[in-house]
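Notes for the structure review
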Amino acid sequence: MPIARLTAVTWSLSAVAVGALLVGCSGSVSVGDSEPKLSSDKLATTVSEKLAATMNQPKPAITCPEDLAGKVGTTTRCTLTAKDGSTLGVSVKVTSVEGEQINFDIKADDTASPAPN
């Protein structure tokens, strides 16, 4: 029954993606720097919290490979990893910067990647 399990996991990750796309998840973080930048760890935490709140689900495991520069239009890709190891890409795009406040949109991919064997 591994196929059924993968289908259920893919469905649940797809549900997260569809919900994030339909709801239009966004975040905002205040940083104390003359050139605002959000650390990759803080970004991952914020994305996880926003997705959990949007979907009314527990916080997913999110990793972000780089800091997010506080410049409108800047993008980065994070990864949501399910308990079985399957993954879903998450795009983050800075929409505005107000002083030390970085505002951004979060968009999950439409489909998940299966866990490695």
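Further up the page is the structure itself.
Figured I'd write up the structure that's included with this text. (Residues numbered from 1 in each chain as written. Predicted model: local features only at pLDDT ≥ 70, side-chain atom pairs only at ≥ 80, totals over all residues. Heavy atoms only, no water.)

Each helix and strand in the protein was counted, giving two helices and seven strands. Beginning at the N terminus, the succession of helices and strands in the protein can be written as α-β-β-α-β-β-β-β-β. Taken across its 117 residues, the protein has 36% of its residues classed as buried. In the protein, once contacts between residues fewer than 6 apart in sequence are set aside, the share between residues at least 24 apart is 55%. (Helix = DSSP H or I, 4+ residues; strand = E, 2+ residues; numbered from the N terminus. Buried < 20%, exposed > 50% of the residue type's maximum accessible area, 1.4 Å probe, protein only. Contact = heavy atoms within 4.5 Å.)

To continue, consider unusual backbone geometry. Unusually for a residue other than glycine, Asn-56 sits at a positive phi of about 55°. Classification of Asn-56 as exposed rests on a relative accessible area of 70%.

Right, let's get into the state of the cysteines. Inspection of the entire model under this criterion finds one disulfide. Between the sulfur of Cys-64 and that of Cys-78 lies a disulfide, 2.1 Å long from S to S. Taking the torsion about the S-S bond as the criterion, the Cys-64 to Cys-78 disulfide, at about 105°, is right-handed. Separated by 14 residues along the polypeptide, Cys-64 in the loop between strand S3 (61-63) and strand S4 (68-69) and Cys-78 in strand S5 (residues 75-81) bring together distant segments of the chain. The buried category is assigned to Cys-64, whose relative accessible area is 10%. (Disulfide = S-S within 2.5 Å.)

What follows covers the side chain of Thr-76. For Thr-76, the location among the structural elements is in strand S5. Apart from the residues within four sequence positions on either side, Thr-76 is in contact with Leu-43, Glu-66, Leu-68, Val-90, Ser-91 and Val-92.

Now for the pattern of salt bridges. Applying the stated criterion across every chain, the model contains two salt bridges. Close ionic contact of Glu-49 with Lys-59 constitutes a salt bridge, the shortest N to O distance being 3.9 Å. Taken together, the residues Glu-49 in helix H2 (residues 40-55) and Lys-59 in the loop between H2 and S3 connect sequence positions 10 residues apart. The class of Glu-49 is partly exposed, set by a relative accessible area of 37%. Across the pair Arg-77 and Asp-109 runs a salt bridge, and its minimum N-O distance is 2.7 Å. Here Arg-77 is found in strand S5, whereas its partner Asp-109 is found in the segment after strand S7 (101-108), with 32 residues between them in sequence. (Salt bridge = Lys/Arg side-chain N within 4 Å of Asp/Glu carboxyl O.)

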